[in-house]
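Next come the chains, spelled out residue by residue.
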Amino acid sequence: LLERPRTHDAVRDLDRAARRVLLTNWRGHATVPAARLYPHQWSWDSAFIAIGLRHLSPVRAQRELESLLGAQWRDGRVPQIVFDPHVPDDAYFPGPSFWRSARAPGAPGVPTSGIVQPPAHALAAWAVHQADPAASRGRGFLARVYPRLVAWHRYLTTRRNLTGNGLMSVVHPWESGLDNSPAWDVPLARITPVPGTEFTRRDLNHAAAGERPTDTDYGRYVRLARDYRDAGYADSLGVHAFAVEDPLCNALLAAGEHALASMAAELGLDGERHRSAADRLTENLTTMLYDHAGGVFFPRDAHSGRMLRSYSIGGLMPLIVPGLPVASELVGTALGDRFRLRDACPLPSYDLSADDHDPGRYWRGPGWVNTSWLFWHGLRLHGEQALADDLRDRLIDRVRDAGFREYFDPLTGTGHGTDGFGWTAALVLDLLR
Ligand code: 9WN
């Protein structure tokens, strides 16, 4: 491969183009992930978008998180989607008329979905505060978001501690953020799909079928979401036919507790309970989900108790946890044939050496910028500065060459999914700093 020099002009152009995406996707209170495919506010997208937005406008980044947390349910859950009431119901499936949040106890005034997404918000809020502490203090940003973030983590660590062993479960593949990851194939196979005649997919109006989850996946997603809704969004193993303790969400929770401890200190509060929560989560994550032979974390099926032995990018994500005892083993796995940290970029969502690796289909192979950004963050945290810098440079080059795409073939760099994708733009802006 020829080295392409990164000139000052090229960097400036990329920086400008990233800002343009964020401005185009801004809706006055929040940023949509992509204007046509995802025309509402998404939970973990907003966290990543805020991390980039803080370089463009710290106040706007604060509002991004405040608007999301403004849609928090009384039980503490932060919804996967906050619907824009001005967008027609059928612009995205499943829309507000499917979720019927207005009828659910404790739901906010604005329509939302009833499931959640990975808890990247405490990390993002602390990063946003740090970008401009004076602006943050001036608006009382942390004082407003801290109690909501605490309630959010409490929901996940209590109501979602479905097995009682101290780890949270995701109860829908959409909750994992890695929707059709091969890691979910075994527990999903138990779910009877709703027939395709009973719903209309809207995603295929904006993206190629070969790059999206299959119709059978969708049938299962609809079944799980409908059952949760019909149970009044109650949480128990009896309600959730799919329940998985996954390393990504639990790692974000642990890292998020460290961020909450920093916020508490800034607010003059005692952060000890957050530090002990982080230690507990780190311990549980490592003793229950880490596989020494594989050098990776595997999710665990909350129903069968079995490990889901699939090498998905989620298994590397605990690198974001400060003080993780197996950090160097994880870096070793990332450098190996399955993830090829030195040349695959973004890091593949799934094992490059697996027979069913599909470089173009969503979370079954392509690389996504958010998980690579998290890994980059983890590399820096654990003193792997040279590997971090190299990954950052290659991510920037990838996006410069292919555009602000949703995901990329990790070896050829071909862009897939939607263009003008919010977190790709936001996180590149952050990497350029
Ligand atoms: C369902 C918005 C979201 C991301 C997810 C990604 C995709 C939605 C979909 O888009 O999921 O939440 O319709 O496929 O998998 O991680 O948050 O960008």
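Rules of the game
Residues numbered from 1 in each chain as written. Predicted model: local features only at pLDDT ≥ 70, side-chain atom pairs only at ≥ 80, totals over all residues. UniProt positions renumbered as here; feature names shortened; annotations may be inferred. Axes fitted to C-alpha atoms, helices over the stretch in contact; angles between N-to-C directions. Helix = DSSP H or I, 4+ residues; strand = E, 2+ residues; numbered from the N terminus. Parallel < 35°, antiparallel > 145°, perpendicular 65-115°, else oblique. Left-handed = near helix turned anticlockwise from the far one by under 90°. Contact = placed C-beta atoms within 7 Å. Nonpolar A, V, L, I, M, F, W, Y, C, P; charged D, E, K, R; others polar. Near = placed C-beta within 6 Å. Buried ≥ 20, exposed ≤ 12 C-beta atoms within 10 Å, placed from the backbone. Pairing = 2+ DSSP bridges.

The name that an unreviewed UniProt entry assigns to the chain is Trehalase, with the source organism given as Actinoplanes italicus. The record in UniProt for the chain states the following under Sequence similarities (unreviewed entry): "Belongs to the glycosyl hydrolase 63 family."

Undergrad: Help me get a handle on the packing of helix α11 (residues 247-266) against helix α12 (residues 272-289), residues and values and all.
TA: Relative orientation and spacing of two packed helices are given, respectively, by the angle between their axes and the distance between those axes. Viewed as axis vectors pointing N to C, α11 and α12 meet at an angle of 165 degrees, and their least axial separation amounts to 8 Å. Judged on the interaxial angle alone, α12 and α11 are roughly antiparallel. The element α11 and its partner α12 pack so that their crossing is left-handed. Across the interface between the two elements, Pro247, Asn250, Ala251, Leu253, Ala254, Glu257, His258, Leu260, Ala261 and Ala264 of α11 pack against His274, Arg275, Ala277, Ala278, Leu281, Thr282, Leu285 and Leu289 of α12. Counted by class, the contact of α11 with α12 contains twelve nonpolar, four polar and two charged residues.

Undergrad: Outline the site of the ligand, supporting the account with residue identities and numerical values.
TA: In the vicinity of the ligand, the contacting residues are Pro33, Tyr38, Trp42, Trp44, Asp45, Gln80, Trp174, Gly177, Asp179 and Asp203. Taken together, the residues of the shell around the ligand sort by class into five nonpolar, two polar and three charged.

Undergrad: I'd like a description of the packing of helix α5 (residues 121-131) against helix α7 (residues 141-158), backed by residues and values.
TA: Contact geometry for α5 and α7: axes closest at 10 Å, N-to-C directions at 170 degrees. Accordingly, the angle class assigned to the pair α5 and α7 is roughly antiparallel. Crossing handedness for the pair α5 and α7: left-handed. Of the residues in α7, those in contact with His121, Ala122, Ala125 and His129 of α5 are Phe141, Leu142, Val145, Leu149 and Trp152.

Undergrad: Which residues make up unusual backbone geometry, and what values go with them?
TA: In this structure, the amide linkage connecting Phe93 to the following residue, Pro94, adopts the cis form with an omega of 0 degrees. Looking at the element boundaries, Pro94 is found in the loop between β2 (81-82) and α4 (96-99). Of note, Arg100 is a non-glycine position whose phi angle comes to about 50 degrees, a positive value. Mapped onto the fold, Arg100 is located in the loop between α4 and α5. Since 14 C-beta atoms lie within 10 Å of it, Arg100 is described here as partly exposed.

Undergrad: Summarise the sheet that holds strand β7 (residues 300-301); cite the residues concerned and give the values.
TA: The strand order across the open sheet built from three strands is β3-β4-β7, with neighbouring strands paired in antiparallel fashion. Each edge of the open sheet carries a strand with a single partner, namely β3 (169-170) and β7.

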